[in-house]
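# Close look at the chain arrangement
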Number of protein chains: 2
Amino acid sequence: MTYEETFVTTTCPVARTVDLLGDRWMLMIIRDAFDGISRFSDFQKSLGVAKNVLASRLKILVDAGVFSLIPAKEGGAYKAYQLTDKGKSLLPLIVSLRQWGEENLFDDGEAISHLVDEKGLPVAKLVVTSQNGTVLKSERLQRIGGISPVRDKS
Amino acid sequence: MTYEETFVTTTCPVARTVDLLGDRWMLMIIRDAFDGISRFSDFQKSLGVAKNVLASRLKILVDAGVFSLIPAKEGGAYKAYQLTDKGKSLLPLIVSLRQWGEENLFDDGEAISHLVDEKGLPVAKLVVTSQNGTVLKSERLQRIGGISPVRDKS
C-alpha cells in the first residue's frame, strides 16, 4: 500500500487531517498563529525553523485555505498570514494538544504557560461526549463506514 | 535556537505534545489503537508503514506511557500494545483531527467514515469553552506565563 493510497484516498477524516497537518512544523505554525503571529520573519524567530521549510509549510497552509495572505497593515512588501475561519476552526486541535501536554508532560513545579479567557480563567477541559452530553469513553465508540480497520482478535 | 531548546525545554504544553506526537505515523498509530488494533502486524497492515519505522514509533509510545505492552490473550510470542489511561486521554486529540477533516477535507458525496457512540449517534462537536460553558473564540484567548511569543504588531 503506497502512502497516497493510505491517506489521500482514505475515507477516514483523521487520516486526511494527519496527511495535511501531521507534521511538527505545521502544528507549531498553527499554534503560533493562534498566539497572534502573522509575519514570516516572526514565525521564523519564534520557531527557529529553516526558512525554506517554513516557506513550504506556509504555502501548503495557504493553498489549503488555513491561512489567507493579506497585505500587512503598515503597507510595504510585508504580507501577513491570517487564519481563515477554516484555520480558526483548528482551535480544538491546538487546545487538545495543549491539554494533554499540561497533564502528562510536565513535572510538578515546572514552569508552564496557560491558555486563559479574557477573564484570566483557564479554558475548560475538552471532553468527548455524545450528542446528549454523556461523556464517552473510547471503549464506547465505534468507527463505521469507509475502510474497515484490521481489528485485533486477541 | 536548536530543536531541543525550542521544544523539550519549552514551557508551552502544545510544543511538548507536538515534540512527542507531531508526526504522521504517531498520530495514525494512535488512531488505529482507538479503533481496536493492538498487534504489531496489524498496525503494519493497517498503515503500510515500514517495520523499522513502526517499531521505533511504538517504542517511543511505550516509553512515554501511551501504550503498555502486554502478553496477547492467546499466549505465545505475541504482545499487544494497549492504550494506557494516559493513552486513552488522547481521545480529544484524535476526535479533533477527525472533526476538522470531516468539515474541511471531504467533497460532497465522498465516502467518509463516522465515529459513533453505542447508539450509533455521531459524537458531539468538540467546542472550546470557558469554565462556565461560554463558547470561546480564539480572539478571546491569551497564552500567559512561560515563553512570550513574538507578536506581530502589524
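This write-up is about the structure you can find in this document. (Residues numbered from 1 in each chain as written. Chains lettered and ligands numbered in written order. Predicted model: local features only at pLDDT ≥ 70, side-chain atom pairs only at ≥ 80, totals over all residues. Heavy atoms only, no water.)

### As for the overall build of chain A
The line we're drawing: Each helix is a run of DSSP H or I of at least 4 residues and each strand a run of E of at least 2, with the numbering of both proceeding from the N terminus. The rule is simple: take the accessible area with a 1.4 Å probe, protein chains only, and divide by the maximum for that residue type; under 20% is buried, over 50% is exposed, in between is partly exposed. Contacts are assigned to residue pairs that have any heavy atoms within 4.5 Å of one another.
When helices and strands are tallied, chain A shows 7 helices and 4 strands. Going from N to C terminus, chain A has its helices and strands arranged as α-α-α-α-α-β-β-α-α-β-β. In chain A, which comprises 154 residues, the proportion classed as buried is 49%. Considering only intrachain contacts with a sequence separation of at least 6, the fraction spanning at least 24 residues in chain A is 39%.

### With respect to the packing of aromatic side chains
All names here are of chain A. Going by this rule: Two rings from Phe, Tyr or Trp (for Trp, the six-membered ring) form a pair when their centres are within 6.5 Å of each other. A pair whose planes differ by under 30 degrees is stacked, one over 60 is edge-to-face, and the rest are tilted. Either the NZ atom of lysine or the CZ atom of arginine qualifies as a charge over a ring when it sits within 6 Å of the ring centre and within 35 degrees of the ring normal.
For the coordinates displayed, the defined rule picks out 6 aromatic pairs over all chains. Their ring planes at 70° and their centres at 6.0 Å tell us that Phe 67 and Tyr 81 sit as a pair that is edge-to-face. Here the residue Phe 67 occupies a position in strand 1 (residues 67-71), and Tyr 81 occupies one in strand 2 (residues 79-83), the gap between them amounting to 14 residues. The buried category is assigned to Phe 67, whose relative accessible area is 2%. Tyr 81 gets classed as buried once you look at its relative accessible area, which sits at 14%. Here the guanidinium or amino end of Arg 39 rests over the ring plane of Tyr 78, the centre of that ring lying 4.0 Å away.

### Quick notes on the relation of the copies chain A and chain B
The cut-off we apply is this: Least squares is used to superpose the copies, and the fit set is the C-alpha atoms of residues whose pLDDT is at least 70 in both copies.
Mapping chain A onto chain B is achieved by rotating through 180° and translating by 0.0 Å along the same axis, at an RMSD of 0.0 Å. The relationship between the two copies is best expressed as a two-fold rotation axis. Minimal C-alpha distance to the rotation axis in chain A is attained by A:Asp23, lying at 2.5 Å. A high fraction, 100%, of the interface residues of chain A reappear at the interface in chain B, so the copies pair face to face through one surface.

### Some details on the interface of chain A and chain B
The accessible area lost on association of the parts is a frequent measure of interface size. To keep things clear, this is the line we draw: For any pair of parts, buried area is found by adding up, for both, the accessible area (1.4 Å probe) each one loses once the two are put together. Salt-bridge detection follows one rule: a side-chain nitrogen of Lys or Arg within 4 Å of a carboxyl oxygen of Asp or Glu. In protein, a polar contact means a hydrogen-donor-capable atom and an acceptor-capable atom, both N or O and within 3.5 Å, with residues adjacent in sequence counting only if both atoms are side-chain atoms; elsewhere, any N or O pair within 3.5 Å suffices. In this count, Pro and Cys sit with the nonpolar residues alongside Ala, Val, Leu, Ile, Met, Phe, Trp and Tyr, while Asp, Glu, Lys and Arg are called charged and the others, Gly among them, polar. A pair of strands is treated as paired once DSSP finds two or more bridges between them.
On the side of chain B, 92 residues touch chain A, which itself brings 92 residues to the contact. Both faces combined, the contact of chain A with chain B buries some 8500 Å², and carbon together with sulfur accounts for 62% of it. Where chain A touches chain B, the interface holds 10 salt bridges. Between B:Glu118 and A:Arg140 there is a salt bridge; the shortest N-O distance is 2.2 Å. On inspection of chain A and its partner chain B, the count reaches 32 residue pairs in polar contact (both at pLDDT 80 or more). Of all the secondary-structure elements, those providing two or more residues to the side of chain A that touches chain B are helix 1 (3-7), helix 2 (13-21), helix 3 (24-34), helix 4 (40-47), helix 6 (85-88), helix 7 (91-104), strand 3 (114-116) and strand 4 (142-144) of chain A. Sorting elements by how many residues they give to the side of chain A that touches chain B places helix 7 of chain A first, with 12 residues. Each residue belonging to the side of chain A that touches chain B can be placed in one class, and the counts come to 43 nonpolar, 24 polar and 25 charged. Taken together, the 3 bridges between strand 3 of chain A and strand 4 (residues 142-144) of chain B define a ladder with antiparallel strand orientation. When the sheet's bridge partners are listed, A:Leu115 is paired in strand 4 of chain B with B:Arg143.

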